[in-house]
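# Breakdown of the fold
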Amino acid sequence: MQKTKATKVGLIALLLVLSSLASVMYALAYTEKREVIYSNTLTIEGKEAKFRAFYLSAPAGLFEVKLTVSEGSIKWTPHSAVMFEDTLGWFPCRIDGKPFGTIQRWVCETEDVGSVTWSVDQENVDMVWYINFYNPDNYEKEVQIEITKVWETQNYNDWV
């Protein structure tokens, strides 16, 4: 009985060591890369909407939008060129299946300083993206924008 219990404890310890080793090997095999692809300052009047474009080149798994707002908050939404260029962020609205008009949706809101990551599919890289901003207040705001693309690389050469 003691021998069976010792064998079970030994197997569990071996599994823990192997899973830890696998995690370390995975971490060593993949490295996260980051590159700032857009940096600018934008002035937005009260009740005004503006947009800025940036090019998201491959490779990219996501991009991070970091905003610093001079005072108050700013509403914003990222759009791929396919979604934005024909509509400028205005999308059809339907009520009870009938066309009602168009609306602008604001997915994100940043107050003071904040960052949001946005994952992208591979068919949405090597293209222009837009960030559409809206100042809901009656006074002018300055918004500092920094967009960083993020991707993983495999370090196969480190193992050979």
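This text follows the structure it describes.
Heads up: these notes are all about the structure in this document.

The rules behind these values
Residues numbered from 1 in each chain as written. Predicted model: local features only at pLDDT ≥ 70, side-chain atom pairs only at ≥ 80, totals over all residues. Heavy atoms only, no water. Pairing = 2+ DSSP bridges. Helix = DSSP H or I, 4+ residues; strand = E, 2+ residues; numbered from the N terminus. Core = buried A, V, L, I, M, F, W, Y, C linked by side-chain atoms within 4.5 Å. Buried < 20%, exposed > 50% of the residue type's maximum accessible area, 1.4 Å probe, protein only. Contact = heavy atoms within 4.5 Å. Salt bridge = Lys/Arg side-chain N within 4 Å of Asp/Glu carboxyl O. Phe/Tyr/Trp six-rings, centres within 6.5 Å; stacked < 30°, edge-to-face > 60°.

Glancing now at the pairing of strand 8 (residues 141-154). Examined bridge by bridge, strand 1 (residues 30-44) and strand 8 share 14 bridges and lie antiparallel to one another. The partner of Ser39 across the bridge, within strand 8, is Glu146. As paired strands, strand 3 (residues 62-80) and strand 8 are joined by eight bridges and run antiparallel to one another. Among the inter-strand pairings, Lys66 is bridged to a residue of strand 8, identified as Glu146.

By size, the foremost hydrophobic cluster in this structure holds 22 residues, and its most contacted members are Phe63 and Phe133. For this core, the secondary structure elements donating two or more residues are strand 1, strand 2 (49-56), strand 3, strand 7 (127-134) and strand 8. Of the residues forming this core, the biggest block, six residues, is contributed by strand 3. Not counting the four nearest positions on each side in its chain, Phe63 is found in contact with Phe54, Leu56, Pro78, Val116, Thr117, Trp118, Val120, Trp129, Ile131, Ile147, Thr148 and Lys149.

As a further point, take the pattern of salt bridges. Following the criterion strictly, the structure yields four salt bridges and no others. A salt bridge links Arg34 to Glu64; the shortest N-O distance between them is 2.7 Å. Here Glu64 lies in strand 3 and Arg34 lies in strand 1, a separation of 30 residues in the sequence. Between Lys149 and Glu35 there is a salt bridge; the shortest N-O distance is 4.0 Å. Of this pair, Lys149 sits in strand 8 while Glu35 sits in strand 1, placing them 114 residues apart in sequence. Overall, the relative accessible area of 38% leaves Glu35 in the partly exposed class. Residues joined in a network through salt bridges with shared partners are Glu32, Arg34 and Glu64.

Here we come to the environment of Ala60. Checked against the element boundaries, Ala60 lands in the loop between strand 2 and strand 3. Expressed as a C-alpha distance, the spacing of Ala60 and Glu35, which sit 25 residues apart in the sequence, is 9.8 Å. Residue contacts for Ala60: discarding those within four places in its chain leaves Val120, Gln122, Val125, Lys149, Val150 and Trp151.

Take the packing of aromatic side chains next. For any pair of aromatic rings, the description rests on two quantities: the centre-to-centre distance and the angle between the ring planes. Taken as a whole and judged by the stated rule, the model has three aromatic pairs. Both rings, one in Phe54 and one in Phe63, keep their centres 5.3 Å apart while their planes meet at 70°; by these two values the pair is edge-to-face. By relative accessible area, Phe54 is classed as buried at 4%. Between Phe63 and Trp129 the ring centres are 5.1 Å apart and the planes differ by 65°, which places this aromatic pair in the edge-to-face class. Taken together, the positions of Phe63 in strand 3 and Trp129 in strand 7 put the pair 66 residues apart, joining distant regions of the chain.

Interpretation in functional terms is not warranted from these geometric data alone.
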